[in-house]
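Chain by chain, the residues run as shown.
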Amino acid sequence: MEIRDNLQIKTFAEYKKTYQKSIEEPEAFWKTVAEKFTWTKKWDKVLSADFKKPEVNWFQGATLNITQNCLDRHVKNHPNKNAIIWEPNDPNEESRHITYKQLQVKVCNFANVLKQNGIEKGDRVCIYMPMIPELAIAMLACARIGAIHSIVFAGFSSKAVASRINDSGCKMLITANDYYRGRKSIKLKEICDEALENTPSIETVIVYRRTVNPTSMKEGRDKFWFDELQKAYAECDPVEVEAEHPLFILYTSGSTGKPKGMVHTTGGYMVGTTYTFQNTFQLNEKDIYWCTADIGWITGHSYIIYGPLCAGATTVMFEGVPSYPDFDRFWEIIEKFKITHFYTAPTAIRSLAKQNVKHVEKHNLESLKVLGSVGEPINEEAWHWFNDNVGKTKCPIVDTWWQTETGSIMISPLAGVTATRPTFATLPLPGVQPAIMDDERNEIEFDGKVAEGKLTIKAPWPAIARTIWNNHQRYKETYFSAYPGYYFSGDGAYRDAVGNYRITGRVDDVVIVSGHNLGTAPIENAINEHEKVSESAIVGFPHDVKGNALYAYVILYDHNDATNSLKQEIRDMVSKNIGAIAKPQKIQFVTELPKTRSGKIMRRILRKIAANQTENMGDTSTLLNPDVVEEIQKKKV
Ligand code: WT7
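Residues numbered from 1 in each chain as written. Predicted model: local features only at pLDDT ≥ 70, side-chain atom pairs only at ≥ 80, totals over all residues. Heavy atoms only, no water.

1. Describing the packing of helix α12 (residues 346-353) against helix α14 (residues 380-390)
And then number 1: Contact geometry of α12 with α14 gives a least axis separation of 10 Å together with a crossing angle of 75°. Here α14 runs roughly perpendicular to α12, going by the angle between their axes. Packed against α12, whose contacting residues are Ile349, Arg350, Leu352 and Ala353, the element α14 presents Ala382, Trp385 and Phe386 at the interface. (Axes fitted to C-alpha atoms, helices over the stretch in contact; angles between N-to-C directions. Helix = DSSP H or I, 4+ residues; strand = E, 2+ residues; numbered from the N terminus. Parallel < 35°, antiparallel > 145°, perpendicular 65-115°, else oblique. Contact = heavy atoms within 4.5 Å.)

Here is the structure:
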């Protein structure tokens, strides 16, 4: 697969035709796509799946190694093309340019480090690292030998990393001693040390030295990255794995306390991410692509690493934040590397749009051709600001709807090929069959009229997560039970009269804060751990920069404890248990929560209060304690 091959759809008519074919003959369609890749052995059957079981198999019988597609084939065709360009947090530190040939050597070298520390095909390896090239190298090294990586976002707390390590029984932890983020420097190894007190499955810890600061190392367990590399060969043959062999586990929040370890497998994920990358972004040979996500999230997995590298693109990785040293950091980087494709999140756009526009105007952004947005609905104002000030009205904006679970982009314009429409993710990619369900759980067939309801997908696509690690039952209940035979996304959607989709937001207990998918239950659990707290409820409320922020309603054992310092303790508690991104913006102490007779908290009401939408509270007759609503409202913070 290369960037400019004949799979890139070039006109709207071609999109229509391709889409039609992908729906009528999915196996023939995906076979044509899959044939562009390097396989060790071809498949016996393209697709066998049943959403009722649920069970999904793509390219059964085939074997491959994804790094042959990300690295080896490009080393043959264009060894000296940059694979990764890395920009550090501090603009005074040097950027790093890593060619495909160099990346291959680094990956193979590190794959041998994994092997010499006892890692084998199927073993789980936790990677808890900042946005440095070694994160990419570590993940690809796992893939090289068939080990399963589980990347945990470096902003997560020690408890969060420990619970993820334990859930999947990781044998190794790969981390860095310290890292930089804006003005802060974070002692990551110290956080690891706390986690490692409760992670019996970890045998080895590999530590990359991002700084020269002293680092505590446990004899026999902890080893420095560079010391290990010295002992390792630079060549490493790719290990052949089955198409359905797990490539990685990535945890995402759910509506109960425990995060879900979504399992993505190798063959379908490779085909799906690469095909959607090529068609959504429409890169050319010499283009420079930058996605600002963190590799700790699915966006980074699919569209910083696997999709772009399989397509042979140059992908930019940035260690820092948009506001450091100043609010023009993104625009400075676009100018510096002549970025052509810029993929970011609505929350970043909104926060930068609040700054003086001179930050943007100061920089030459003429290289830009395509802009992208992901993570949450992009509001009209942010869309126009992005379009006018960054794209100078010349760059199509691809508003890409997808999820950790979908693995690849599902609904999005194809840049310059299909039309954009502000606030709409527009049309499904080839092979994707969205459906809107009504309140009676029936599909609202497309008949040229507008429709609104719950968003489902009615046929399998190659990059769908295959299960939840160690919990197939939960996978079934969460995604395949609400609408038998359909995958349920958890989102609401509106469809216009020509078939464009607009995502209206989550319909479950997940809140998207600054593009981060946060389950309310784990945050409540963290708050409830405070000895003075008896119960709590978290809801999201609209926030002009973050999209949503968190509002916590907290019941105390003793109402005399209701002080600002306790609010601070609660925030610290959340920070420690989950991470700073989950800290509630507002905390209100209440004496009771509105509950149904069956004891379920009526979040709908709490959401309305938090959002100041109290004119129409809806039906409160099923409440056990209707009086509490007014009391909470009166004391709103
Ligand atoms: C949820 C998935 C996909 C990578 C980043 C988030 C929301 C995502 C859009 C979009 C409206 C969007 C949905 C979805 N979302 N992209 N373009 N327009 N909403 O992955 O953490 O799994 O979150 O993000 O609510 O369900 P995730």
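2. Focus on the packing of aromatic side chains
And then number 1: Under the defined criterion, the tally for this structure stands at 45 aromatic pairs.
And then number 2: Plain terms: the ring middles of Phe153 and Trp297 are 4.6 Å apart, the flat faces sit at 35° to each other, and that makes the pair tilted. Taken as a pair, Phe153 in the loop between β7 (148-151) and α6 (158-168) and Trp297 in the loop between β16 (288-291) and α10 (298-310) lie far apart in primary sequence, 144 residues in all. Each member of the pair, Phe153 as well as Trp297, is classed as buried.
And then number 3: Residues Tyr551 and Tyr553 carry aromatic rings whose centres are separated by 4.6 Å and whose planes lie at 35° to one another, so their mutual orientation is tilted. (Phe/Tyr/Trp six-rings, centres within 6.5 Å; stacked < 30°, edge-to-face > 60°. Buried < 20%, exposed > 50% of the residue type's maximum accessible area, 1.4 Å probe, protein only.)

3. A closer look at α6
And then number 1: The buried fraction of α6 amounts to eight of the 11 residues, a majority that puts the element mostly inside the structure.
And then number 2: Among the residues of α6, those classed as buried are Ser158, Ala160, Val161, Ala162, Arg164, Ile165, Asp167 and Ser168.
And then number 3: Looking at the buried side of α6, the elements it contacts are β6 (124-128), β7, β8 (172-176), α7 (188-196), β14 (246-252) and α17 (564-577).
And then number 4: Within two residues after α6, Gly169 carries a phi angle of roughly 60°, on the positive side.

4. Some words on the sheet that holds strand β23 (residues 451-457)
And then number 1: Taken in spatial order, the five strands make up an open sheet running β22-β21-β23-β25-β26, and their pairing is antiparallel. Since the sheet does not close on itself, it has two edges, and those belong to β22 (443-444) and β26 (501-506), each with one partner. (Pairing = 2+ DSSP bridges.)

5. Digging into the site of the ligand
And then number 1: Not every one of the 17 residues close to the ligand is listed here, only the nearest: Asp399, Thr400, Thr404, Asp491 and Arg506.
And then number 2: At 2.8 Å from an oxygen atom of the ligand is found a side-chain nitrogen or oxygen belonging to Gln403.
And then number 3: Here Asp491 contributes a side-chain N or O atom positioned 2.6 Å from an oxygen atom of the ligand.
And then number 4: Isolated, the ligand exposes 550 Å² of accessible area, and the fraction of that covered by the protein chains is 96%.
And then number 5: Of all the secondary-structure elements, those providing two or more residues to the shell around the ligand are α10, β20 (397-400) and β26.
And then number 6: For the shell around the ligand, the per-class residue count stands at seven nonpolar, six polar and four charged. (Near = heavy atom within 4 Å. Polar contact = N/O pair within 3.5 Å; in protein donor to acceptor, adjacent residues only side chain to side chain. Areas by Shrake-Rupley, 256 points an atom, 1.4 Å probe, with all protein chains shown as cover. Nonpolar A, V, L, I, M, F, W, Y, C, P; charged D, E, K, R; others polar.)

6. Examining the nonpolar core
And then number 1: Ranked by size, the top nonpolar core spans 161 residues in total, and within it Trp39, Phe59, Phe110, Ile174 and Tyr306 carry the most contacts.
And then number 2: If you tally residues by element for this core, the top one is helix α5 (residues 133-145), at 10 residues.
And then number 3: Grouped together as the second largest cluster of nonpolar side chains are 27 residues, Phe330, Leu352, Leu368 and Trp383 included. (Core = buried A, V, L, I, M, F, W, Y, C linked by side-chain atoms within 4.5 Å.)

7. Focus on the environment of Ala521
And then number 1: Among the structural elements, Ala521 can be located in helix α16 (residues 520-528).
And then number 2: You can call Ala521 buried: its relative accessible area is 11%.

8. Digging into the layout of surface pockets
And then number 1: Counted as a void, the second largest pocket has a volume near 550 Å³.
And then number 2: In terms of lining, the second largest pocket is formed by 25 residues, of which the most central are Tyr19, Pro428, Phe446, Gly499 and Tyr501.
And then number 3: Of all elements in the fold, only α1 (12-24) and β22 reach the threshold of two or more residues within the lining of the second largest pocket.
And then number 4: For the lining of the second largest pocket, a count of residues per class yields 12 nonpolar, seven polar and six charged. (1 Å grid on protein atoms, 1.4 Å probe; cavity = no way out; pocket = protein on both sides within 12 Å on 5 of 7 lines; lining within 4 Å. Points joined across faces, edges and corners; volume = space filled by probe spheres on them.)

9. Side note on the state of the cysteines
And then number 1: Under the definition given, this model contains zero disulfides.
And then number 2: Looking at Cys126, it has no disulfide partner, and the nearest cysteine sulfur is the one in Cys170, 5.0 Å off.
And then number 3: Distance from the sulfur of Cys192, which forms no disulfide, to the nearest cysteine sulfur (Cys126) is 7.9 Å. (Disulfide = S-S within 2.5 Å.)

10. Quick word on the pairing of β6
And then number 1: Most of β6 sits inside the fold, with four of its five residues counted as buried.
And then number 2: Note: β6 against β7, four bridges, orientation parallel. Looking at β7, one finds that Val125 is bridged to His149.
And then number 3: Considered for its hand, the β-α-β crossover made up of β6, α5 and β7 is right-handed.
And then number 4: When β6 meets β8, the two strands line up parallel, connected through four bridges. Bridge assignment links Val125 to a residue of β8, and that residue is Met172. (Right-handed = clockwise from strand over helix to strand, strands pointing away.)

11. Things to note about unusual backbone geometry
And then number 1: With omega at -15°, the peptide bond leading from Lys53 into Pro54 counts as cis.
And then number 2: For the bond from Tyr324 to Pro325, the omega torsion is -5°, close enough to zero to count as cis.
And then number 3: By the element assignment, Pro325 lies in the loop between β17 (314-318) and α11 (329-337).
And then number 4: Phi at Phe59 takes a positive value of approximately 60°, unusual for a residue other than glycine.
And then number 5: Relative to the helices and strands, Phe59 resides in strand β2 (residues 55-60).
And then number 6: Although it is not a glycine, Thr423 sits at a positive phi angle of roughly 75°.
And then number 7: Along the polypeptide, Thr423 turns up in the loop between β20 and β21 (434-437).

12. Quick look at the side chain of Arg495
And then number 1: Its place among the elements puts Arg495 in strand β25 (residues 487-495).
And then number 2: Of the side chains with opposite charge, Glu443 lies nearest to the buried Arg495, which makes no salt bridge, at 5.9 Å. (Lys, Arg positive; Asp, Glu negative; His and termini not counted. Salt bridge = Lys/Arg side-chain N within 4 Å of Asp/Glu carboxyl O.)

13. Quick notes on the pairing of β14
Looking down a regular strand, the side chains alternate between one sheet face and the other.
And then number 1: Burial of β14 is extensive: seven of the seven residues sit out of reach of the surface.
And then number 2: Two strands pair when backbone bridges link them, and β14 and strand β15 (residues 260-265) are joined in this way by six bridges, in the antiparallel orientation. Directly across from Tyr251, in β15, lies its bridge partner Gly261.

14. Some words on the sheet that holds strand β24 (residues 467-468)
And then number 1: In space, the eight strands of this open sheet follow the order β12-β11-β8-β6-β7-β14-β15-β24, with mixed pairing throughout. The sheet is open, and its two borders are formed by β12 (222-224) and β24, each paired with just one other strand.
And then number 2: On the sheet, α5 packs against β6, β7, β8, β11 (204-208) and β14 and is oriented at approximately 175° with respect to β6.
And then number 3: Contacting β14 and β15, helix α9 (residues 266-281) runs over the sheet at an angle of about 80° to β15.

15. Considering the pattern of salt bridges
And then number 1: Tallied over the entire structure, the rule returns 33 salt bridges.
And then number 2: Here Arg221 and Asp222 are joined by a salt bridge, their closest N and O atoms 2.5 Å apart. Asp222 carries the same exposure label as Arg221, and that label is buried.
And then number 3: Taking the shortest distance from any N to any O, the salt bridge between Glu524 and Arg603 comes out at 2.8 Å. Here Glu524, found in helix α16, pairs with Arg603, found in helix α18 (residues 603-610); they are 79 residues apart in sequence, far enough to count as distant. Both residues of the pair, Glu524 and Arg603, belong to the buried class.
And then number 4: Bridged by salt links that share partners, the residues Glu87, Arg329, Glu332 and Lys336 form one connected network.

Purely geometric stuff here, so don't read any function into it on its own.
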